[in-house]
Amino acid sequence: MKTTFRAFIVAGLFCLASCSGGAPSKEEVRDFLASQSIQISPFAHPSQQAIDNATEGAKKLFDVQGLDCAATKGFKNVWDCTVNVVVSNDPRVLKFRFHRDQNGKLAGERNYD
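Counting from 1, residues in each chain are numbered in the order their sequence is written. In keeping with the predicted nature of the model, local features appear solely for residues at pLDDT of at least 70, side-chain atom pairs appear and are counted solely at 80 or more, and the whole-chain, interface and lining totals rest on all residues. Hydrogen atoms and water are omitted, and side-chain values are computed over all heavy atoms in the structure.

Engineer: Teacher, can you tell me more about the overall build of the chain here?
Structural biologist: For helices the rule is a DSSP run of H or I covering at least 4 residues; for strands it is a run of E covering at least 2, with both sets numbered from the N terminus onward. Of the regular secondary structure elements, the chain holds three helices and four strands. The linear arrangement of helices and strands in the chain, starting from the amino end, is α-α-α-β-β-β-β. Taken across its 113 residues, the chain has 21% of its residues classed as buried. In this analysis, two residues are considered to be in contact whenever any of their non-hydrogen atoms come within 4.5 Å of each other. In the chain, the proportion of contacts linking residues at least 24 apart, taken out of those at least 6 apart, comes to 37%. A 1.4 Å probe and the Shrake-Rupley method give the accessible areas. Residues count as covered only by the protein chains that appear here. Total accessible area on the chain is roughly 8,400 Å²; 56% of this is exposed by carbon and sulfur atoms. Remark: exposure states derive from per-residue accessible area (1.4 Å probe, protein chains only) relative to the maximum for the residue type, with buried under 20%, exposed over 50%, and partly exposed in between.

Spelled out as structure tokens, the structure:
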């Protein structure tokens, strides 16, 4: 019984460590790309529901097939990533520098070098 309980605790701690604040996952990168692809006119005032619907639709356009991230030297939570993604049947290789904001949400900018 003690062994089973310890194994459960270790598995739970591993999940917490891997799911909170680590390098970005394919799903997080897909969500980030989808949210960045939404273009809203500065004169439009869409509802949050309309923005959510547009983001959900955009997620279907992005198929992240490969993600290779390396911690950026000198930083705690910054990663330089190469993203292999198919966007509307168009394969692309994109480079990003990702980080997490104060709430743990993925943020980043495209690297063009």
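Structure's up, so let's keep going.
Engineer: Help me out: how do you make sense of the environment of glutamine 39 in this one?
Structural biologist: Residue position: glutamine 39 is located in the loop between α2 (26–37) and α3 (48–59). For the pair glutamine 39 and alanine 54, spaced 15 residues apart in sequence, the C-alpha to C-alpha distance is 9.6 Å.

Engineer: Please explain unusual backbone geometry as it appears in this structure.
Structural biologist: Not every positive phi belongs to a glycine, and serine 88 is a case in point at roughly 50 degrees. Mapped onto the fold, serine 88 is located in the loop between β2 (78–87) and β3 (90–100). Overall, the relative accessible area of 48% leaves serine 88 in the partly exposed class. In this structure, asparagine 89 takes a positive phi of about 65 degrees despite not being glycine. Counting through the fold element by element, asparagine 89 comes out in the loop between β2 and β3.

Engineer: Help me understand the sheet that holds β3 in this model?
Structural biologist: Across a sheet, strands are paired by hydrogen bonds formed along the backbone, either parallel or antiparallel in direction. Spatial strand order, β1-β2-β3-β4: four strands in an open sheet with antiparallel pairing. A strand with exactly one partner marks an edge of an open sheet, and here the two such strands are β1 (62–71) and β4 (106–110). Averaged over all pairs of adjacent strands, the angle between their axes in this sheet comes to 35 degrees, without regard to strand direction. Pairing of β2 with β3, which is carried by ten bridges, proceeds in the antiparallel orientation. Opposite valine 86, over in β3, you have proline 91 as the bridge partner. A fitted line through C-alpha atoms serves as each axis, taken over the contacting stretch for helices, and the angle formed by two N-to-C directions is quoted from 0 to 180°. On top of the sheet, α2 reaches β1, β2, β3 and β4; it is set at about 115 degrees to β1, its chief contact. Only strands that DSSP links by at least two bridges are regarded as paired with each other.

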